Amino acid sequence: MTNSAIATDTLSKSYGNTLALDALTLEVAAGEVFGLLGHNGAGKTTTVNVLTTLLGPTSGTAEVAGHSVTADAMGVRRSIGYLPENVQFYDNLTLMENLRFFAELSGLRRPDQRIRDVLRILDFEGRDRQRMGTFSKGMRQRVGIAQAILHAPSVLFLDEPTSGLDPEGVRTLRETIVRLNSEFGMTIFMNTHLLSEVTKTCTSIGILRGGTLIHHDTLAKTLSNFPGEGSLEEIYFQLESEKVS
Ligand SMILES: Nc1ncnc2c1ncn2[C@@H]1O[C@H](COP(=O)(O)OP(=O)(O)OP(=O)(O)O)[C@@H](O)[C@H]1O
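Residues numbered from 1 in each chain as written. Predicted model: local features only at pLDDT ≥ 70, side-chain atom pairs only at ≥ 80, totals over all residues.

As recorded in an unreviewed UniProt entry, the protein goes by the name ABC-2 type transport system ATP-binding protein, listed as coming from Microcella frigidaquae.

> For this particular structure, what's the right way to read the nonpolar core?
Within soluble globular proteins, side chains that are nonpolar generally end up buried alongside one another. If you look at the biggest cluster of nonpolar residues, it comprises 59 residues, and the most contacted ones within it are Val155, Leu156, Phe157, Ile188 and Phe189. In terms of residues, this core owes the most to one element, strand S2 (residues 18-29), which gives five residues. Apart from the residues lying within four places of it in its own chain, the contact partners of isoleucine 188 are Val33, Phe34, Leu156, Leu158, Ile177, Leu180 and Asn181. (Core = buried A, V, L, I, M, F, W, Y, C linked by C-beta atoms within 7 Å. Buried ≥ 20, exposed ≤ 12 C-beta atoms within 10 Å, placed from the backbone. Helix = DSSP H or I, 4+ residues; strand = E, 2+ residues; numbered from the N terminus. Contact = placed C-beta atoms within 7 Å.)

> Is there a simple way to think about the sheet that holds strand S6 (residues 80-83) in this case?
Strand pairing in a sheet takes place through backbone hydrogen bonds and is either antiparallel or parallel in direction. An order of S6-S7-S8-S3-S9-S10 is seen for the six strands of this open sheet, with the pairing classed as mixed. For this open sheet the edge positions go to S6 and strand S10 (212-218), each flanked by a neighbour on one side alone. Put simply, the sheet's adjacent strands are angled 15 degrees from each other on average, direction ignored. Pairing analysis gives four bridges linking strand S3 (residues 33-37) to strand S8 (residues 187-191), with the strands arranged parallel. (Pairing = 2+ DSSP bridges. Axes fitted to C-alpha atoms, helices over the stretch in contact; angles between N-to-C directions.)

> Sorry if this is basic, but what is going on with the environment of glycine 60 here?
Take glycine 60: it is sitting in strand S4 (residues 59-64). Once the C-alpha coordinates of glycine 60 and arginine 127 are considered, the two residues, 67 residues apart in sequence, prove to be 45 Å apart. The contacts of glycine 60, once residues within four sequence positions are left out, are Thr8, Asp9, Thr10, Leu11, Ser12 and Ala23.

As structure tokens, then:
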């Protein structure tokens, strides 16, 4: 038995003739904050879409929280939360009304109690009657996280969570991610382009290039294995530009 939150074996996904994900074999241990990096079109969103069961794989296997994405997609969905890159809300409804709507959709037994807990976890107390349309982009991202964790998932997927946020929004979101991981033990899997955030948040990283995983290690080992490079950004560009052997 392993304590993998995510385990894939030669997982591939094609769109017609485009091989977007090429035999991905990856393990993310429970309790990690994993950052998936790569240029535009590298296959990051495809990976998240397959792991969250939005898309079926073309071949290979993947388990999330111990459930197969193909044989037990419902088990996966019950165990995960997902913040898409562009999360949508009902702007004319309040924060509470939005969360109640999503809580009812996911069939929560005592939605109001859980919503109150989640509002407290995300420091939204006192804002539950505020209309969503008045929230900043950073706050909307955190409401997206609130929505994603209503059913207390063990694994949380975030697709470009800091995209379009100002520095304060980025910092607050980072604190939220770190807190969900350290206080509530959630495994976090995030796609991101923001390497400075990866350095501050992630415990391990993977780099995809053209659908192939070209690097996977803990952040600490990645940094120590490239002592000549000043930052993760420089390491990333070095790895990304290396010739495929
Ligand atoms: N629905 C689709 N139909 C056809 N090709 C697609 C589809 N979705 C993605 N692709 C292609 O698959 C490859 C991987 O795309 P994907 O969106 O997974 O990359 P990404 O790393 O998330 O990129 P980005 O950082 O721009 O979001 C790209 O070549 C893309 O053009």
